[in-house]
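So you can see what is in the structure, the chains are spelled out below.
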Amino acid sequence: MQPTLRADAPLATPSVPGPAAPSPRPPRPRRRFRGFGLFRLLLFLGGLTLLVGGVAGYGLYRSLLEGLPDYRWLADYQPQQMSRIYAADSRLMAELAVERRVFVPIEAIPRRLQLAFISAEDQNFESHPGVDAGAILRAILANVENHLAGRRLIGASTITQQVAKNMLVGSDRTLLRKAREALLAIRLERALDKARILEIYLNEIYLGAQAYGVAAAAQAYFQKGLDELTLAEMAFLAALPKAPNNYNPLRFPDAARARRNWVLDRMLEDGHITPAEHAAAREEPIQVRPSRRPEVVPVGQYFTEEVRRELIQRFGAEQAAGGGLVVRTSMDPALQEAAETALRNGLMAYDRRGGWRGPIGQIPHGPQEWPAHLEALPRPPGLLPHWRQAVVLAVSEREARVGWLEREHARAPWQQRFATLDLADTTWARRHTPGPTRQAPPRIGPVPRRMQEVLSPGDVVMVEPLPQRPGRALLRQVPEAEGAVVALDPATGRVLAMAGGWSFDRSQFNRATQALRQPGSSFKPFVFLPALEDGIPPNQRYLDTPVEIPTPQGVWRPGNYDGSASGQALTMRTAMERSLNLVTVRIAQQVTMPRVAEVAARFGVIDNMPPYLAMSLGAGETTVMRMAAAYAAFVNGGLRVEPTLIDSVQDTRGRVIWRSDSRRCRGCDGPPDQLPVLEDNRRRIVDPIAAFQMVSLLQGVVQRGTGTRAAQGLNRPVAGKTGTTDDYKDAWFIGFTPDIVIAVWIGYDEPRTLRRPGEAGADVTGGRLAAPIFRDVLAAALQGSPPVPFRAPPGISLVRIQHDNGQTIQEAFRPGTENAAVPPDGGIFAPGAAQRVEGGLGGLY
């Protein structure tokens, strides 16, 4: 039997005689010591890695903290809300909004609606510290499976994280953003309570249909308030945050119902509803009642846009469109509609005198062809809402048949409509023929005798259907000329109506406030006023004879607008009534042009007018709004008027943060038995006597002068002044009664003469073009009100004298100037002169 040897025992060797054996070698180190060294190396490297990683992680953490936005402002956060603009009668004019939202405090949001969102979006909202670790782990496991299957990855953001993302860190899809979002969510939970976080979320979340927040969504989908929603409707709203467009019940009803039912299942699972409520809600169909935008005033687009600009100027664009402001304006919708209608009628009346410029275009007019071709045409600029773009289908001797397309709303099918145009209503449509040269304006042909001279089959034209004559329509064309109207209260400056052009759709340029135009003869009251202030009486005579004024550019020879000169000595009153330029120049020479420029600035007509004599005839530039405000100072007794469109502005809590009426109230805080008194802080710019004298002169313009069309058929005191600029480029009329001032301007955007070939100059003056528009607006403003006379100020002297035309009139004098006169040899009138002339007709200049 072989002996058993130990593995580590030395082998036995036979004794062999020989030299002595060498000393034994030192034992080799065991292998376990080499493995232990490797372990220590790995341990060291691992510790170093952890240390470096920890330092790097801490640095990243610190950088994330430093880069986090300040979240403390959320404690007082108010989300963007729509601002609303209201007319004077409290009707809605417009809504200004970046996001359509109605803010509702958490106390007003039904608890069950809150629980629906919690179940759908964040089941552990009430308990987690801002980040739900369990949800993150579940999302990681689910996303591994989704990634392998090629499905969309899911998230695990809590409601707090969504608030952080939406409000503070943005929505870019990066890990760095998610880390910042998580850190910020934890901080939010420490700074705000759960109710405040949920309030911000439910008012900020986008839920489709242009609705932000649950209140706006309840209105958008169901036309209900939050307290009126059913359980099923609450669950539907809670189903929307994930993908509002994908769960639109009108486009994807099955997906919307499935998602709604999933929310109900979660609510049942969480114990927020009973099984019976769950079953009943699942069976309830989703009955969407899409809300329509609130009905707004259909007129006043220029007015609204001017209000919007002022809001931006005062409060900034963000506050104006998202501050939830309630803006009360001075616009009277009925008067605004009358002003727009009068302006359009006046522009059309002038435009028709220029004949028919032809159709918009040509399309096939076959029964099966014209609807598709007409639908493809763009809406022509300036087409009024009640006009239609139509195609001529057939033309006979006396009439033409037209067709157009209509539909009730944007999603409704098109319906064909037909009407007939009569030749009797189209006599204005005279054809244009080319002039003798290319530069010459076109000639206007004769009145058409056959409809074929006006229209041809296939012509695309504008028509106005007549509701009072079914099956009939009128041929229309958009005028080339433009205009503006401003109506304001002379006592307060409140703008009651403003039309800035033919159509806001065609041009948003507001000619009432933005267009600088020459006022022409409507500026003459500000030349005559310094003479009245100096005590020169209205019956002072001046020569209506040619005058030559030397200038550095040569001799200036002004003339009256019709080129005539009577050669007589006429009173100031007659010169104003007949709008005589020669007399105006002499008065300007007498009072000096620096004085006229000072009056123009004092009244706000032209701030820095050069003191050139030509400016006395209205060669400067101003706006329609400025002219209306300046004339208001005449009728209100001499007080400066600042036009205002906004009466007051309130914030979301109903506090008035701006008011146009700056008058102080003495006694408003006093005892009940003390009557409060409003202090009038308006600046006086002319004495009441001179102001009333000007009112009296301007009454004569309407009664006997160039503005007689302004008061036809009104049977009440009216005053005003016409204005026509050089070469008939601008036509004005600014007039007033004791209760209202109305300014009207007509002209081309690119200044050119309003006078057409063959027309007389008198056909395109302010008295012919602008005064009838003034009359129509004034008739609408004063409808049903009794006539009110102009009130004379205390101390004025009213004397009956003989007018230049032989009539006996009542003239207004400053006390002591009733018989003032100057030598009849052409001497200049001296204020306070003691000479008297029998009959009180004054002297000669």
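Note that this is a predicted model, so its numbers are computed, not measured.

Criteria and thresholds
- Residues numbered from 1 in each chain as written.
- Predicted model: local features only at pLDDT ≥ 70, side-chain atom pairs only at ≥ 80, totals over all residues.
- Heavy atoms only, no water.
- Phe/Tyr/Trp six-rings, centres within 6.5 Å; stacked < 30°, edge-to-face > 60°.
- Helix = DSSP H or I, 4+ residues; strand = E, 2+ residues; numbered from the N terminus.
- Buried < 20%, exposed > 50% of the residue type's maximum accessible area, 1.4 Å probe, protein only.
- Lys NZ or Arg CZ within 6 Å of the ring centre and 35° of its normal.
- Expected span 1.5 Å × (residues − 1).
- Polar contact = N/O pair within 3.5 Å; in protein donor to acceptor, adjacent residues only side chain to side chain.
- Pairing = 2+ DSSP bridges.
- Axes fitted to C-alpha atoms, helices over the stretch in contact; angles between N-to-C directions.
- Patch = residues over 30% accessible without salt bridge, like charges linked within 9 Å, V, L, I, M, F, W, Y side chains within 5 Å.
- Areas by Shrake-Rupley, 256 points an atom, 1.4 Å probe, with all protein chains shown as cover.
- Salt bridge = Lys/Arg side-chain N within 4 Å of Asp/Glu carboxyl O.
- Parallel < 35°, antiparallel > 145°, perpendicular 65-115°, else oblique.
- Contact = heavy atoms within 4.5 Å.
- Nonpolar A, V, L, I, M, F, W, Y, C, P; charged D, E, K, R; others polar.
- Core = buried A, V, L, I, M, F, W, Y, C linked by side-chain atoms within 4.5 Å.

### Re the packing of aromatic side chains
1) Next: One pass over the full model with this rule turns up 18 aromatic pairs.
2) Next: Relative to phenylalanine 236, the ring of tyrosine 221 has its centre 5.4 Å away and its plane inclined at 85°; by these criteria the two rings are edge-to-face. In this pair, tyrosine 221 is assigned in helix α7 (residues 214-222) and phenylalanine 236 in helix α8 (residues 231-238), connecting sequence segments 15 residues apart. Each member of the pair, tyrosine 221 together with phenylalanine 236, is buried.
3) Next: Each residue in the set Phe523, Phe526, Phe603, Tyr631, Phe634, Phe736 and Phe790 is aromatic and connected to the rest through ring pairs, giving one cluster.
4) Next: If you follow arginine 752 out to its NZ or CZ, it ends over the ring of tyrosine 748, 3.7 Å from the centre.
5) Next: The ring of tyrosine 350 has arginine 756 lying over it, and the distance from NZ or CZ to the ring centre is 3.9 Å.

### Focus on helix α20 (residues 688-704)
1) Next: Compared with an ideal rise of 1.5 Å per residue, which puts 17 residues at 24 Å, α20 spans 24 Å between its outermost C-alpha atoms and is within 8% of the ideal.
2) Next: Of the residues that open α20, the one with a side-chain oxygen 3.1 Å from the backbone nitrogen of isoleucine 689 is aspartate 687.

### A closer look at the sheet that holds strand β3 (residues 326-329)
1) Next: Strand order in this open sheet of 5 strands is β2-β1-β3-β18-β19, and the pairing throughout is mixed. One side of each edge strand has no neighbouring strand; the edge strands of this open sheet are β2 (92-96) and β19 (656-659). Going across the sheet, the axis of each strand differs from the next one's by a mean of 15°, ignoring polarity.
2) Next: Where strand β18 (residues 646-650) lies against β19, 3 bridges are found, and the strand directions are antiparallel. Residue valine 649 lies in a different strand from β19, and its bridge partner there is tryptophan 658.

### Let's talk about a nonpolar patch on the surface
1) Next: Nonpolar side chains collect at one region of the surface, where Leu38, Leu41, Leu42, Phe44, Leu45, Leu48, Leu51 and Val52 lie side by side and expose about 780 Å² of accessible area between them.
2) Next: As for its position among the elements, leucine 45 is in helix α1 (residues 31-67).

### A short note on the pattern of salt bridges
1) Next: This structure, assessed with the given rule, holds 45 salt bridges.
2) Next: A salt bridge links arginine 494 to aspartate 647; the nearest nitrogen and oxygen atoms lie 2.9 Å apart. With arginine 494 in the loop between β12 (482-488) and β13 (495-499) and aspartate 647 in strand β18, this pair connects stretches of sequence that are 153 residues apart.

### Observations regarding unusual backbone geometry
1) Next: Phi is positive for glutamine 210, which is not a glycine, with a value near 60°.
2) Next: If you trace the backbone, glutamine 210 turns up in the loop between α6 (194-204) and α7.
3) Next: Phi is positive for glutamine 223, which is not a glycine, with a value near 55°.
4) Next: Positionally, glutamine 223 belongs in the loop between α7 and α8.
5) Next: Residue class for glutamine 223 comes out partly exposed when judged on its relative accessible area of 45%.

### So, helix α19 (residues 624-635)
1) Next: Spanning 12 residues, α19 covers 17 Å between terminal C-alpha atoms, matching the ideal 16 Å at 1.5 Å per step.
2) Next: Across the 12 residues that make up α19, a large majority, 11, are buried.
3) Next: When α19 is considered as a whole, its buried residues turn out to be Val624, Met625, Met627, Ala628, Ala629, Ala630, Tyr631, Ala632, Ala633, Phe634 and Val635.
4) Next: Just past α19, the residue glycine 637 takes up positive phi, approximately 95°.

### A closer look at the packing of helix α9 (residues 253-269) against helix α10 (residues 275-283)
1) Next: The geometry of α9 relative to α10 is characterised by a closest axis approach of 10 Å and an angle of 175° between their N-to-C directions. The angle between α9 and α10 falls in the class roughly antiparallel. In this structure, α9 contributes Arg257, Arg260, Asn261, Leu264, Asp265 and Leu268 to the contact, and α10 contributes Pro275, His278, Ala281, Arg282 and Glu283.
2) Next: Split by residue class, the contact of α9 with α10 holds 4 nonpolar, 2 polar and 5 charged.

### Here's the deal with the packing of helix α15 (residues 525-533) against helix α18 (residues 593-602)
1) Next: One way to put it is that α15 packs onto α18 with a least axis distance of 9 Å and a crossing angle of 105°. In this view, α15 runs roughly perpendicular relative to α18, as classed from their interaxial angle. In contact with Phe526, Val527, Leu529, Pro530 and Glu533 of α15, α18 contributes Arg595, Val596, Val599 and Arg602.

### Description of the pairing of strand β24 (residues 741-747)
Looking down a regular strand, the side chains alternate between one sheet face and the other.
1) Next: The buried count for β24 comes to 7 of 7 residues, which makes it a mostly enclosed element.
2) Next: Here β24 shows a buried face lined by Val741, Ala743, Trp745 and Gly747 and a second buried face lined by Ile742, Val744 and Ile746.
3) Next: Looking at chain direction, β12 and β24 are connected through 7 bridges and run antiparallel. From the neighbouring strand, leucine 488 faces β24, where its bridge partner is valine 741.
4) Next: Pairing geometry for strand β23 (residues 730-736) and β24, over 7 bridges, is antiparallel. Within β24, the position partnered with alanine 731 by the bridge is isoleucine 746.
5) Next: If you look at the hairpin formed by β23 and β24, you'll find 4 residues sitting between the two strands.

### As for the nonpolar core
1) Next: Counting 90 residues, the largest nonpolar core has Phe526, Phe603, Phe634 and Phe736 as its most contacted members.
2) Next: In terms of residue count, α19 provides more of this core than any other element does, 11 residues in total.
3) Next: In contact with phenylalanine 634, other than residues within four places in its own chain, are Pro525, Phe526, Leu529, Phe603, Ala691, Met694, Val695, Leu698 and Phe736.
4) Next: Formed by 53 residues, the second largest nonpolar core is a distinct cluster that contains Val104, Leu115, Ile159 and Leu264.

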